[in-house]
Amino acid sequence: MRSVIDVLDLSVEEIDELIETAEDIIADPDKYAHVCDRKKLATLFFEPSTRTRMSFEAAMYELGGHVISMSEANSSSAAKGESVADTVKTVSNYVDIIAMRHPKEGAALVAANNASIPVINAGDGGHCHPTQTLADLLTIHREKKHFDNLTIGFCGDLKFGRTVHSLCGAMARYPGSKFVLISPEELKLPSYVKRNVLDPAGIQYTQTTDLEDSMENLDILYMTRVQRERFFNEEDYLRLKDRYILTAEKMKKAPESMIVMHPLPRVNEISVAVDDDPRACYFKQVLNGKYMRMALIMKLLKEAGRL
Amino acid sequence: MNIDSIRNGIVIDHISAGKGMKLVSLLELDRDDVSVAIIKNVHSQKMGKKDIIKIDADIPVNLDVIGYVDPDATVNVIKDGVLVEKKTIERPKILTGVIRCKNPRCITTTEQELKHVFCLRDDGYRCMYCETKAE
Ligand SMILES: [Zn+2]
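Residues numbered from 1 in each chain as written. Chains lettered and ligands numbered in written order. Predicted model: local features only at pLDDT ≥ 70, side-chain atom pairs only at ≥ 80, totals over all residues. Heavy atoms only, no water.

Outline the sheet that holds strand 5 (residues 82-87) of chain B, supporting the account with residue identities and numerical values.
Residue and element names in this part refer to chain B. Taken in spatial order, the 5 strands line up as 2-3-1-4-5 in an open sheet, and their pairing is antiparallel. Edge positions in the open sheet fall to strand 2 (36-44) and strand 5, since each of these has one partner strand only. With direction set aside, neighbouring strand axes in the sheet form an average angle of 20°. Pairing between strand 1 (residues 9-16) and strand 4 (residues 74-79): 5 bridges, direction antiparallel. Along strand 4, the bridge assignment pairs Asp13 with Thr74. (Pairing = 2+ DSSP bridges. Helix = DSSP H or I, 4+ residues; strand = E, 2+ residues; numbered from the N terminus. Axes fitted to C-alpha atoms, helices over the stretch in contact; angles between N-to-C directions.)

A description of the confidence of the model for chain B should follow, citing residues and the corresponding values.
Residue and element names in this part refer to chain B. Residues of chain B with pLDDT of at least 70 account for 97%, and the chain-wide mean is 92. Confidence scores differ between elements of chain B, with strand 5 showing the lowest mean pLDDT of 92 and strand 6 (residues 94-96) the highest of 97. Scored by ipTM, the complex comes to 0.89, with pTM at 0.91. (pLDDT = per-residue confidence, 0-100.)

Give me the lowdown on the packing of helix 6 (residues 130-144) of chain A against helix 11 (residues 282-303) of chain A, citing residues and values where you can.
All names here are of chain A. Relative to each other, helix 6 and helix 11 sit at 115°, their axes nearing to 8 Å. Accordingly, the angle class assigned to the pair helix 6 and helix 11 is roughly perpendicular. Every pair of crossing elements has a handedness; the one defined by helix 6 and helix 11 is right-handed. Counting all contacts with helix 6, which are made through Thr131, Gln132, Leu134, Ala135, Asp136, Leu138, Thr139, Arg142 and Glu143, the residues of helix 11 involved are Lys284, Gln285, Asn288, Gly289, Tyr291, Met292, Arg293 and Leu296. Of the residues that constitute the contact of helix 6 with helix 11, the class distribution is 6 nonpolar, 6 polar and 5 charged. (Parallel < 35°, antiparallel > 145°, perpendicular 65-115°, else oblique. Left-handed = near helix turned anticlockwise from the far one by under 90°. Contact = heavy atoms within 4.5 Å. Nonpolar A, V, L, I, M, F, W, Y, C, P; charged D, E, K, R; others polar.)

I'd like to hear about the packing of helix 1 (residues 12-27) of chain A against helix 6 of chain A, residue by residue, with values.
Residues and elements named next belong to chain A. Contact geometry for helix 1 and helix 6: axes closest at 10 Å, N-to-C directions at 70°. For the element pair helix 1 / helix 6, the angle class is roughly perpendicular. The element helix 1 and its partner helix 6 pack so that their crossing is right-handed. Between helix 1 and helix 6, the contacting residues are Ile15, Leu18, Ile19, Ala22, Glu23 and Ile26 on the first element and Leu134, Leu137, Leu138, His141 and Arg142 on the second.

Tell me what's going on with the interface of chain A and chain B, and back it up with residues and numbers.
Interfaces are often described in size by the accessible area the parts lose on coming together. The interface of chain A with chain B comprises 17 residues on the first partner and 15 residues on the second. Taken together, the links from chain A to chain B amount to 2 salt bridges. Asp123 of chain B serves as the salt-bridge partner of Arg195 of chain A, at 3.3 Å between the closest nitrogen and oxygen. The interface formed by chain A and chain B contains 8 residue pairs in polar contact (both at pLDDT 80 or more). Elements supplying a minimum of two residues to the side of chain A that touches chain B: helix 4 (84-91), helix 5 (107-114) and helix 8 (191-198) of chain A. By residue number, the principal contributor to the side of chain A that touches chain B is helix 5 of chain A, which donates 4 residues. Split by residue class, the side of chain A that touches chain B holds 7 nonpolar, 6 polar and 4 charged. (Salt bridge = Lys/Arg side-chain N within 4 Å of Asp/Glu carboxyl O. Polar contact = N/O pair within 3.5 Å; in protein donor to acceptor, adjacent residues only side chain to side chain.)

See the structure below:
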């Protein structure tokens, strides 16, 4: 049974195909309004993530399908009691596809290994979150019209930021990608990501601590937030969280064609004043995420012989 | 037990000096019902020093464990006092139920009876679930 745990489970050709489907949905949503009639998606969220869950639910409803969920109170008791394996074996009997979020790394693989229906990883701890990366890729494609020869600046927490690692992996597969890694010393991109992702692909990258000086050469600026839960020590968090704040003033130095992305939610790393800048694309990412989830749900249901 | 002559059993030879004890522990040879000899720091022309393990019993030995600890070790199977087979040792691509993932955020810490599985990558063994490197 085909599941998607990591964005790299999908080939470049499959990502092209998903983008093509998403573009077609955007052009003619009515055509897809009944594709998943009488099909059911289960959203199994073992930790709360309202925006991701809502995106999956909206995606399934727009395809004409239905959604059933574990309530969050139950999911916390499930996290203590019933195993992931038992939960998905049970839920496989009720629905056609599962979107699962879990605080532990590797939980989605356990689910996929035990389910008799496709599983989409909606985030497994700090490990993978493939539909976020699909949202990022559709956004890049819609705004830039191509994936080749793009220079992407990643800014903020590059150490723990799984969306950064995942997008690095996805973009490393396109020719001519260049990365500018902007972070405090303490939050640099881990060496295993450089060794396993960037180096084998022959990616050119530079590392810096300076955001403003890096902006002039970027096609894309990908901002991230520094997550409090990643720090053992509150002092370190407070010291690092305000290190990079993108303001309207700083955007004056950025190229006209540079787009700003962010996986959201943000804390304060992008000023609200930047939202009105036409280069700000982070709310478009949210919408694009729904379209890519629609495309992925359809693809996996088709492959499973359920559509 | 005469450590020089085993009737029926296994001799694990050419173990890098110092790794013998780890192998005994991971192979779970530290048990009451089997005669096991661990010979440490034996002089070897090829290796300088080596460890040897002699198991005087016809028990199954997990070759993946040997391949994980020391792929250069050799395994000789003895039957009726005669060497009947030399097993080839390789680093296993997948290592199941031998070592444990140390990442506290890994699903293996909470999921009931989930086997710890490691995959051989360019830079060593990594947990199949969370990609954390084995120590
Ligand atoms: Zn692990």
